[in-house]
Amino acid sequence: MADMINLKINNIPVSVPAGSTILDAARIAHVEIPTLCYLKDVACVGSCRMCLVEATGARGLVAACVYPVSEGMEVQTNTEKCRKSRKTSLELMLSKHKKECLACDRAGNCELQRLSVEYNCDPNRFEQDTERHPLDLSAPYVVRDRDKCINCNRCVAACKKQSVGAIGPIGRGYAVHIGSAFEMSLMESVCVGCGQCIVACPVGALKERTTVDEVWAAIADPQKKVVFFTAPSVRATLGEAFDLPVGTNVEGKMVAAIRRLGNVEVFNMDITADLTIMEEATELINRIQTGGVMPMFTSCCPAWVKFVEQKHPEMIPHLSTCKSPQEMFGGLLKTYYCEKNGIDPKDLYVVSVIPCTAKKYECKRPEMNGEVDAAITTRELARMIKTAGICFKDLPDEAFDDPFATCSGGGTIFGATGGVMEAALRVAARMLDGNFELVDFTKVRGTSPIKEATYNVAGKTIRVAVASGLANAETVIKNIQSGKKHYDFVEIMACPGGCVNGGGQPTLPDSIRNSLDLKDLRAKALYKSDKKNKLRRSSESPVIETLYNEYFGAPGGERSHKVLHTHYKADPRV
Ligand code: SF4
Ligand code: SF4
Ligand code: SF4
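Predicted model, so just to flag it, every value in this text is computed and none were measured. (Residues numbered from 1 in each chain as written. Chains lettered and ligands numbered in written order. Predicted model: local features only at pLDDT ≥ 70, side-chain atom pairs only at ≥ 80, totals over all residues. Heavy atoms only, no water.)

A.B. asks: Any chance you could explain the overall build of the protein here in plain terms?
C.D. replies: Within the protein, the regular secondary structure consists of 19 helices and 17 strands. Relative to the compact-globule value of 25 Å for 574 residues, the protein shows a C-alpha radius of gyration of 25 Å, a close match. When each of the 574 residues of the protein is scored for burial, the buried share is 58%. In the protein, the share of contacts with a sequence separation of at least 24, taken over all contacts with a separation of at least 6, comes to 72%. For the protein, the computed accessible surface area is about 23100 Å², with 53% contributed by carbon and sulfur atoms. (Helix = DSSP H or I, 4+ residues; strand = E, 2+ residues; numbered from the N terminus. Rg over C-alpha atoms; globule rule 2.2 N^0.38 Å. Buried < 20%, exposed > 50% of the residue type's maximum accessible area, 1.4 Å probe, protein only. Contact = heavy atoms within 4.5 Å. Areas by Shrake-Rupley, 256 points an atom, 1.4 Å probe, with all protein chains shown as cover.)

Below you can see the structure in the form of structure tokens.
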């Protein structure tokens, strides 16, 4: 057991493991210390000066997020000196900040705004820096507003943690600001679009590039038939935007809310997660049986695909050729669905609701033929529901529209790290040795950064690995390339914890992010839904059976390849 340190925070005795910071100890003592640059598991640099406290044995005020506890220490967090110092830090930030609070995306959910109110700040106390810079609108998935940035560096830490490093501090002293090397735009940089910087940002300096106005225009257009489909993880997070507890599955209310946005149909993207599994499991078996390039990597995360294309083009042959479930749905709707319903694909407006900013970029890739017209994040959907004046919490539960309503639990767990792997193993076990029993592959579940397992299927040993977060993906690649590890199948999701923790998910204040394990709670909602589903395996969905019988023929067949598969390009920026 770790050595314990005894100290007092605001006269409250507390005992914490050696090596803890004052901030860790304060949390255990249920004392709130304000923070701006600190974010659990992401950033801890002690630069914003919000967490300054008085501690015995220290000279002057110290930053609680980095200052270690010591035996017998007495800490005061709420003295006049602490409050004055925090207020001054906030007022200095406000002197540079573009104060567009009335119409800012983060109004009401901005950590700077909340603290400024709590500390009764005068936003005009210091001379105002009114120099303004153009927005970075280069990428189809994010907008960067340098003039709202408070230089907290949380985005820089999030991007570094992704092993991408597209952004960092530029310049010195007062002129320091966050940007890409040589002042490149984000689209020219090595950014992969994961949006982890957006969910880390405490203010409105980073936000998704919204397409909500285009979606409203399509709904209002009598020439258009508008269909929405929602990704598996959105039902596990949308409720947070309506103050429901983290981990509440709001599938029924989400469907009801979208239906009330206008004359639209609402489909379940779990069906193309199921379709992905049929295609991917077939591809894996083919590679195993024909000596193809191994290990095979999943390809359903567009940020991961862009990471491989840009940073590891030599690994492109390892990527499955399957499109992501979003793009499979776009293809399915603009071919099969249009043909079956006599709709001209030009008149069908397809809206994908996703946890993800990278998918906004993905649907603009030329290989995807514009089959998804708009990709909106969970946050954008929440905004549309609020704009429409829909009382979300009071809605009844409604079911997805046919013909894509009946999906398997395997499709649902796609939203959590390990879910794609588990769903694929369920189908591979069934395809290879007719095993109807094996559905729970629990070793690939959970939020550990890298998970490994070995399974025996049809007398063959299948070695698998699952990683989430691109730094962990980098480790997996290095281990494969050095010969240290041998796998057959590898699942990678760019966002730590998978899509439940995607860059388009609701932005929660640090007080919640620092105290709850969001990715774990949200993933549990999906696994619960999987367990309740009578259909656990993608191949068991009657919709999948119909699609292959009526349209695609067999998984991996010619038509599947045309509609459901894609190809990759070394560095798609050039
Ligand atoms: S979107 Fe991802 S890769 Fe791009 S700057 Fe943000 S964290 Fe880095
Ligand atoms: S963009 Fe946001 S997260 Fe990044 S440094 Fe500025 S305020 Fe902090
Ligand atoms: S893990 Fe999911 S949310 Fe994150 S970038 Fe990949 S597909 Fe998007």
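A.B. asks: I keep staring at the site of ligand 2 and nothing clicks. Help me out?
C.D. replies: Taken together, C149, I150, N151, C152, N153, C155, I178, C201, P202, V203, A205 and L206 make up the full set of residues near ligand 2. Taken together, the residues that form the shell around ligand 2 break down as 10 nonpolar, two polar and no charged. (Near = heavy atom within 4 Å. Nonpolar A, V, L, I, M, F, W, Y, C, P; charged D, E, K, R; others polar.)

A.B. asks: Help me out: how do you make sense of the packing of aromatic side chains in this one?
C.D. replies: Ring pairs (aromatic) are described by centroid distance and by the angle formed between their planes. For the coordinates displayed, the defined rule picks out 14 aromatic pairs. When the centroid spacing of 4.3 Å and the interplanar angle of 15° are considered together, the rings of F242 and F392 count as stacked. One end of the pair, F242, is in the loop between strand 10 (225-230) and helix 7 (251-259); the other, F392, is in the loop between helix 12 (378-387) and helix 13 (409-412), with 150 residues separating them in the sequence. With a relative accessible area of 9%, F242 lands in the buried category. A connected cluster of aromatic rings, assembled from ring pairs, spans F229, F267, F329, Y337 and F404. In this structure, K386 packs its charged tip against the face of F242, placed 5.2 Å from the ring centre. A cation over an aromatic ring shows up here: R559 above the ring of Y551, its NZ or CZ 3.9 Å from the ring centre. (Phe/Tyr/Trp six-rings, centres within 6.5 Å; stacked < 30°, edge-to-face > 60°. Lys NZ or Arg CZ within 6 Å of the ring centre and 35° of its normal.)

A.B. asks: Would you mind going over the state of the cysteines with me for this structure?
C.D. replies: Where two cysteines share a covalent bond between their sulfur atoms, that bond is called a disulfide. Per the counting criterion, the structure on display carries zero disulfides. Not engaged in a disulfide, the cysteine C407 finds its nearest cysteine sulfur in C300; these two sulfurs lie 16 Å apart. Look at C407 and you get buried, because its relative accessible area is 7%. (Disulfide = S-S within 2.5 Å.)

A.B. asks: What exactly am I supposed to notice about the environment of G46 here?
C.D. replies: Along the polypeptide, G46 turns up in the loop between helix 1 (22-28) and strand 3 (52-55). Judged by its relative accessible area of 11%, G46 is buried. Put simply, G46 and A63 are 17 residues apart on the chain and 5.8 Å apart in space, counted from C-alpha to C-alpha. When sequence neighbours within four positions are dropped, the list of residues in contact with G46 reads C37, A63, C65 and V66.

A.B. asks: Help me out: how do you make sense of the packing of helix 8 (residues 270-290) against helix 18 (residues 542-552) in this one?
C.D. replies: Angle between the axes and distance between the axes: these two values describe a pair of packed helices. Taken N-terminus to C-terminus, the directions of helix 8 and helix 18 make an angle of 65°; their axes are 10 Å apart at the nearest point. Looking at the two axes, helix 8 sits roughly perpendicular to helix 18. With respect to the hand of their crossing, helix 8 and helix 18 are arranged in right-handed fashion. Counted together, I271, D274, L275, M278 and E279 of helix 8 and V543, I544, L547, Y548 and F552 of helix 18 form the full contact between these two elements. Among the residues forming the contact of helix 8 with helix 18, the class breakdown is eight nonpolar, no polar and two charged. (Axes fitted to C-alpha atoms, helices over the stretch in contact; angles between N-to-C directions. Parallel < 35°, antiparallel > 145°, perpendicular 65-115°, else oblique. Left-handed = near helix turned anticlockwise from the far one by under 90°.)

A.B. asks: How should I be thinking about the sheet that holds strand 2 (residues 12-17) in this particular structure?
C.D. replies: Hydrogen bonds along the backbone pair up the strands of a sheet, which may run parallel or antiparallel. Spatially, the five strands line up as an open sheet ordered 2-1-5-3-4, and their pairing is mixed. Two strands in the sheet have a free side with no partner beyond their single neighbour: strand 2 and strand 4 (62-63). Inspection of the sheet shows strand 1 (residues 4-9) paired to strand 2 by six bridges, in the antiparallel sense. Residue pairing in the sheet places N6 in a bridge with S15 of strand 2. (Pairing = 2+ DSSP bridges.)

A.B. asks: I keep staring at the pattern of salt bridges and nothing clicks. Help me out?
C.D. replies: Pairing of side chains with opposite charge becomes possible as their charged atoms draw close. Following the criterion strictly, the structure yields 39 salt bridges and no others. We note a salt bridge from R154 to E111, for which the minimum N-O separation is 3.1 Å. Of this pair, R154 sits in helix 4 (residues 154-161) while E111 sits in helix 3 (residues 111-118), and the two are 43 residues apart along the sequence. Of the two residues examined, R154 and E111, each falls in the buried class. Three or more residues joined by partner-sharing salt bridges are found here, namely E422, R426, D440, R445, D530 and R536. (Salt bridge = Lys/Arg side-chain N within 4 Å of Asp/Glu carboxyl O.)

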